[in-house]
Amino acid sequence: MLTHKQSQLCPFRRKPCSIQRGLPPDLSWLARVRVNQPAVLRRAAQIQTQRAVKKNWQAAWHLRAVTCIDLTTLSGDDTPSNVCRLCYKAKHPIRGDLLQAMSVDGKGITTAAVCVYPARVADAVKALKAAGCDIPVASVATGFPAGQTPLKTRLEEIRLAVEDGAREIDIVINRTLVLTGQWEGLYEEIRQCRQACGEAHMKTILGTGELGSLTNVYKASLVAMMAGSDFIKTSTGKETVNATFPVGLVMVRAIRDFFWKTGYKVGFKPAGGIRTAKDALIWLSLMKEELGDEWLKPELFRLGASTLLGDIERQIYHHVTGRYAASYDLPMA
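The model shown is predicted, which means the values in this text are computed figures rather than measured ones.

## Let's talk about the packing of aromatic side chains
Here is step 1: Counted under the stated rule, the structure contains six aromatic pairs.
Here is step 2: The interplanar angle of 75 degrees and the centroid separation of 6.0 Å between the aromatic rings of Tyr-117 and Phe-144 together place this pair among those described as edge-to-face. Residue Tyr-117 is found in the loop between β2 (113-116) and α7 (121-130), and its partner Phe-144 is found in the loop between β3 (137-140) and α8 (151-163); the two are separated by 27 residues along the sequence.
Here is step 3: Between Phe-268 and Trp-283 the ring centres are 6.0 Å apart and the planes differ by 45 degrees, which places this aromatic pair in the tilted class.

## Description of helix α12 (residues 245-262)
Here is step 1: With 18 residues, α12 extends 25 Å from end C-alpha to end C-alpha; this agrees with the ideal 26 Å at 1.5 Å per step.
Here is step 2: With respect to burial, α12 is a largely interior element, 15 of its 18 residues being buried.
Here is step 3: Where α12 ends, the next residue or the one after it, Gly-263, has phi of about 90 degrees, a positive value.

## So, the side chain of Glu-168
Here is step 1: Summarising the element assignment, Glu-168 is placed in strand β4 (residues 168-172).
Here is step 2: Overall, the relative accessible area of 6% leaves Glu-168 in the buried class.
Here is step 3: A polar side-chain atom of Glu-168 sits 2.6 Å from a polar atom in the side chain of Lys-203.
Here is step 4: Here Arg-302 takes part through its side chain, which lies 2.8 Å from a polar atom of the side chain of Glu-168.

Thresholds applied
Residues numbered from 1 in each chain as written. Predicted model: local features only at pLDDT ≥ 70, side-chain atom pairs only at ≥ 80, totals over all residues. Heavy atoms only, no water. Phe/Tyr/Trp six-rings, centres within 6.5 Å; stacked < 30°, edge-to-face > 60°. Helix = DSSP H or I, 4+ residues; strand = E, 2+ residues; numbered from the N terminus. Expected span 1.5 Å × (residues − 1). Buried < 20%, exposed > 50% of the residue type's maximum accessible area, 1.4 Å probe, protein only. Polar contact = N/O pair within 3.5 Å; in protein donor to acceptor, adjacent residues only side chain to side chain.

Pasting the structure below:
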């Protein structure tokens, strides 16, 4: 990570590009990387124990979290019907009467995207079009979740998802390249994925629970950004260890250092194991304190989740009515 003296010399005033197409790999930067693990753990614990926002402010933060959710279904039994139901929930994430009671019913609150497998992209695009909304469809690709299929197959999977209407692609890296220190190979694979995405935004899933160390997490984050990623993402949700706050802190500081050095703004997406409204508020706090208010928008921050929205809606129900909802009070996602 950059020292204070180094950060003072970085071109902070450069205008960021709206779509990053990549930079040459800087292996000397990787060689200088050192992560102070005890300091990271202390800072992550501090963020989790800070005083939470209350009442109206808490409800407002909950709504902000809703607008940053990639509402996700990645199950083996996905069908057109449950994808259609998910898309309707993405357009109407919170019950209309609750939004009306909070005087935000006309604000167009939706989730940031709907995330599905490549085979279900066409179903999601059709359902969202029928619902009359412009929520983007995101598709996982590149041999999700292991990333161990041949590169040619992974690239073709990206192209097929884009052809079916996906506007965002969540690729997954081959973790072997990180564990064996093949940084140039990792860069080249991500660069080719970036080309295959075309105009679609690319989120690069690092699979942080399988990278071995926080130093590897930081290096993999840098390589992904150098290769042209629009977002870096923690996990597939299928690993034993998914999004954790220490890992998130390392990744957002890599994003901050990359911005200081290059002027490019890269987004961040924690995913996997984020189930409660309290967790969402902690992630929002981390983004606000480490990167600032600009990174509290769906353009630069996403939450990958399938069950989180239900808990947020229950908290908003409690804020409005003073009691918690029964299971039949809220529509399913």
